[in-house]
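What the coordinates show
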Amino acid sequence: MNIPSAYIHIPFCQQICHYCDFTKFFYNERLADEYLVALEKEIHTYIPEGKAEVETIFVGGGTPTAVNHSQLKKLLEMIDDHFDIQNCEEYTFEANPGDLDMEKVKMLKEYGVNRISLGVQVFDDAMLEKIGRVHRVKDVYTNVDRLLQVGLSNVSIDLMYGLPGQSVEHFEKTIDEAMQFGLPHYSSYSLQIEPKTVFYQRYKKGKLVKPPEEDEAEMYEMLKRKLAEDGVEQYEISNFAKPGFESRHNLTYWNNEFYYGIGAGAHGYLPGKRTINIRPLPAYVKQAMSDGKPILHEEPVGLKERMEEEMFLGLRKTEGVSLDRFNAKYGRTIRDVFGTSVPELMERDLIEEKSGFMRLTDRGRILGNEVFREFLIDE
């Protein structure tokens with residue numbers, strides 16, 4: 001069974017951000033120790049012997065670098081024991097600015113990590129505090145400098161827009177400051193108000209107001225324009241990279257390829273099924289320690305679902321879905337499978353064919369969800 005990628009979830013944070021609905025818990029040393037033991041049990045269930053050959057590994061969270069030095073070493077050793085790091089093309093760790101002292105940076109480098117994703121969000125201390133971030137702007141400069149010192153130059157930073165009280169001009173300053181680093185990759189997301197978050201509670205009480213939709217749209221267009229002018233091209237709805245620095249791991253998702261999902265709340269995609277792990281920490285640990293299979297739910301994925309997802313996910317990419325690749329994977333052309341939808345969407349200027357790919361037009365990107373609905377196959 002060839003699984004090209006692995007996602008590993010570390011759910012601990014030093015502080016819970018007001019907008020975050022990922023599986024996360026306040027860092028506690030004892031709980032983190034227990035979690036790492038349970039995590040290794042789960043990994044061992046998937047890879048009982050030898051080292052799995054994967055193209056990408058992504059360690060996300062939470063904040064994987066929120067754990068202490070000995071726990072980070074244990075995590076890195078655990079991954080090294082079960083995966084062939086030498087032949088892994090992209091090995092990413094998420095980190096928060098301020099979590100990376102020089103000892104942790106050197107440790108990541110020593111164990112083969114070759115890409116860092118920094119959760120910066122905004123270059124404004126007052127707004128960082130307002131959205132519940134624990135780091136400050138100076139920490140971004142300090143951590144990028146440390147990473148570059150040890151040769152970890154493949155750094156991505158996350159930016160957010162559409163934040164409460166954020167103007168177009170304010171976001172422009174964040175973009176300009178982010179671009180001064182000359183990094184090879186940027187991700188940017190608009191604020192989504194998710195249930196079970198601090199922001200959701202404030203929103204329900206009328207105490208949180210997002211910028212107008214037209215301002216959000218202007219922020220997004222400005223982001224695309226400024227990055228493109230700097231040679232950083234959009235390759236997916238929310239992701240931008242210099243040529244050759246696209247996130248290989250995230251392309252696994254958008255290319256609808258298989259990946260292990262390991263850790264509390266992690267999602268995986270294996271032949272014939274998608275898996276969702278147990279979220280609550282004690283329940284995850286208990287089940288993982290019991291049988292190494294802390295799965296909450298398995299969703300069967302048949303041919304119909306695979307072809308639908310090929311379109312939903314692939315159309316997120318700027319280049320779109322490869323016509324030849326679709327044909328090779330499923331033995332049918334996109335037009336055969338989605339015969340009535342394709343001509344209608346083209347007529348409405350929502351999709352187009354170019355250089356062997358089917359992709360969203362500029363208009364189609366704005367109406368993406370409407371396009372995706374058309375790629376549901378009737379039973």
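Heads up: these notes are all about the structure in this document.

Thresholds, definitions, all that
- Per chain, residues are indexed from 1 in the order of the written sequence.
- Per-residue local features of the predicted model are confined to residues with pLDDT of at least 70, and side-chain atom pairs are confined, for both listing and counting, to 80 or more; whole-chain, interface and lining totals are unaffected and use all residues.
- Note that water and hydrogens are dropped before the side-chain values are worked out from all heavy atoms of the structure.
- Only DSSP runs of H or I covering at least 4 residues are called helices, and only runs of E covering at least 2 are called strands; the numbering of each starts at the N terminus.
- Values of the radius of gyration come from C-alpha atoms, whereas the globule rule sets the reference at 2.2 Å times the count of residues to the power 0.38.
- Burial here depends on accessible area, computed with a 1.4 Å probe over protein chains only, as a share of the maximum for the residue type. Under 20% is buried, over 50% is exposed, and the range in between is partly exposed.
- A contact between two residues is defined here by any heavy atoms of the two lying within 4.5 Å.
- In these tables, accessible area is a Shrake-Rupley quantity obtained with a 1.4 Å probe, and a residue counts as shielded only by the protein chains included in the view.
- By the counting rule applied here, Lys and Arg register as positive and Asp and Glu as negative, while His and the ends of each chain are not counted.
- In this description, the location of a charge corresponds to atom NZ of lysine, CZ of arginine, CG of aspartate or CD of glutamate.
- Under the convention used throughout, the expected extent of a helix is 1.5 Å for every residue step, that is, one less than its residue count.
- We define a salt bridge as a side-chain nitrogen of Lys or Arg found within 4 Å of a carboxyl oxygen belonging to Asp or Glu.
- Strand pairing follows a simple DSSP-based rule, namely that at least 2 bridges must link the two strands.
- Any pair of Phe, Tyr and Trp rings, taking the six-membered ring for Trp, is counted once the centres come within 6.5 Å. Such a pair is stacked with planes under 30 degrees apart, edge-to-face with planes over 60 apart, and tilted for the rest.
- Definition used: whenever NZ (Lys) or CZ (Arg) falls within 6 Å of the ring centre and also within 35 degrees of the ring normal, the charge is taken to sit over that ring.
- In this description, a line fitted to the C-alpha atoms serves as the axis of each element, helices being fitted only across the stretch in contact, and the angle between N-to-C directions of two axes falls anywhere from 0 to 180 degrees.
- Throughout, the term roughly parallel applies to angles under 35 degrees, roughly antiparallel to angles over 145, roughly perpendicular to angles from 65 to 115, and oblique to all others.
- By the definition used in this description, the sense in which the near helix is turned from the far one sets the handedness, with an anticlockwise turn below a right angle giving left-handed and a clockwise turn giving right-handed.
- Each residue gets one label: Ala, Val, Leu, Ile, Met, Phe, Trp, Tyr, Cys and Pro are nonpolar, Asp, Glu, Lys and Arg are charged, and the others, such as Gly, are polar.
- Among the buried residues, those of types Ala, Val, Leu, Ile, Met, Phe, Trp, Tyr and Cys that are joined through side-chain atoms within 4.5 Å form a nonpolar core.
- By convention, a crossover is right-handed whenever its connection, traced from the first strand over the helix to the second and viewed with the strands pointing away, goes clockwise.

Scanning the chain from N- to C-terminus turns up 16 helices and 17 strands. A compact globule built from 379 residues should have a C-alpha radius of gyration of about 21 Å, and the chain, at 21 Å, falls within 12% of that. Oriented by its inertia axes, the alpha-carbon framework of the chain measures out at about 60 × 50 × 45 Å. The buried share among the 379 residues of the chain stands at 52%. Counting contacts in the chain only where the partners sit at least 6 residues apart, residues at least 24 apart contribute 70% of the total. For the chain, the accessible surface area stands at approximately 17400 Å², while carbon and sulfur atoms represent 48% of it. Once the 46 positive and 63 negative side-chain charges of the chain are each reduced to a mean point, those two points are 4 Å apart.

So, about helix H11 (residues 303-314). Here H11 spans 16 Å end to end across twelve residues, near enough to the 16 Å set by a 1.5 Å rise per residue. Residues of H11 that are buried include every one of Met307, Glu308, Glu309, Glu310, Met311 and Gly314, and no others.

Let us look at the pattern of salt bridges. Two side chains that carry opposite charge are able to pair once their charged atoms sit near each other. Applying the stated criterion across every chain, the model contains 21 salt bridges. Across the pair Glu309 and Arg274 runs a salt bridge, and its minimum N-O distance is 2.8 Å. Within this pair, whereas Glu309 is found in helix H11, its partner Arg274 is found in strand E13 (residues 273-277), the two being separated by 35 residues in sequence. By the burial criterion, Glu309 is buried, and Arg274 matches it. It is possible to trace a salt-bridge network through shared partners that takes in Glu257, Glu310, Arg325 and Lys329.

Turning our attention to the pairing of strand E16 (residues 351-354). Relative to strand E17 (residues 357-360), E16 runs antiparallel, the two sharing four bridges. Bridged to Ile351 within E17 is Leu360. The turn linking E16 back onto E17 is made up of two residues, and Ser355 within it adopts a positive phi angle of 50°.

Another aspect to go through is the packing of aromatic side chains. Evaluated as defined, the whole model comprises 19 aromatic pairs. Relative to Tyr220, the ring of Tyr161 has its centre 6.2 Å away and its plane inclined at 20°; by these criteria the two rings are stacked. One end of the pair, Tyr161, is in strand E7 (residues 155-161); the other, Tyr220, is in helix H8 (residues 213-229), and 59 residues separate them in sequence. Here a set of aromatic residues connected by ring pairs shows up, and it is made of Phe12, Tyr27, Tyr35 and Tyr284. For Arg274, the ring lying beneath its charged end belongs to Tyr269, and the centroid distance is 3.8 Å.

Spatial strand order, E15-E17-E16: three strands in an open sheet with antiparallel pairing. Because the sheet does not close on itself, it has two edges, and the strands there are strand E15 (321-322) and E16. Direction of pairing for E15 relative to E17: antiparallel, over a ladder of two bridges. From the neighbouring strand, Ser322 faces E17, where its bridge partner is Phe357.

Our next topic: the packing of helix H1 (residues 29-46) against helix H10 (residues 281-291). Packing of H1 against H10 brings their axes to within 8 Å, and their N-to-C directions diverge by 45°. The orientation of H1 relative to H10 falls into the category oblique. Our pair here, H1 against H10, has a crossing hand that is left-handed. Residue-level contacts link Leu31, Glu34, Tyr35, Val37, Ala38, Leu39, Lys41, Glu42 and Thr45 of H1 to Leu281, Tyr284, Val285, Ala288, Met289 and Asp291 of H10. Split into classes, the residues belonging to the contact of H1 with H10 amount to ten nonpolar, one polar and four charged.

Take the nonpolar core next. Among the nonpolar cores identified, the biggest contains 79 residues, and Leu39, Ile57, Phe83, Tyr91, Phe93, Leu118 and Ile157 are the most heavily contacted of them. Top contributing element to this core by residue count: H1, with six residues. Apart from residues lying up to four places away in sequence, Leu39 is in contact with Ile8, His9, Ile10, Leu75, Met78, Ile262, Gly263 and Tyr284. Of all hydrophobic cores here, the second largest spans 18 residues; its members include Val321, Tyr330, Val337 and Leu360.

The backbone of Asn256 shows a phi angle near 60°, a positive value even though the residue is not glycine. Checked against the element boundaries, Asn256 lands in the loop between helix H9 (248-254) and strand E11 (259-262). We classify Asn256 as buried; its relative accessible area is 3%. Positive phi values are uncommon outside glycine, yet Ser355 reaches one of about 50°. Among the secondary structure elements, Ser355 is positioned in the loop between E16 and E17.

This part covers the environment of Phe26. Take Phe26: it is sitting in strand E3 (residues 25-26). A sequence separation of 15 residues divides Phe26 from Pro11, and the C-alpha atoms of the two residues are 8.4 Å apart.

Moving on, we come to the pairing of strand E5 (residues 90-95). The element E5 is largely enclosed, with a buried count of five among its six residues. In this fold, strand E4 (residues 56-61) hands off to helix H2 (residues 69-82), which returns the chain to E5; that crossover is right-handed. Pairing analysis gives four bridges linking E5 to strand E6 (residues 115-121), with the strands arranged parallel. Note that in E6 the partner of Ala95 across the bridge is Leu118.

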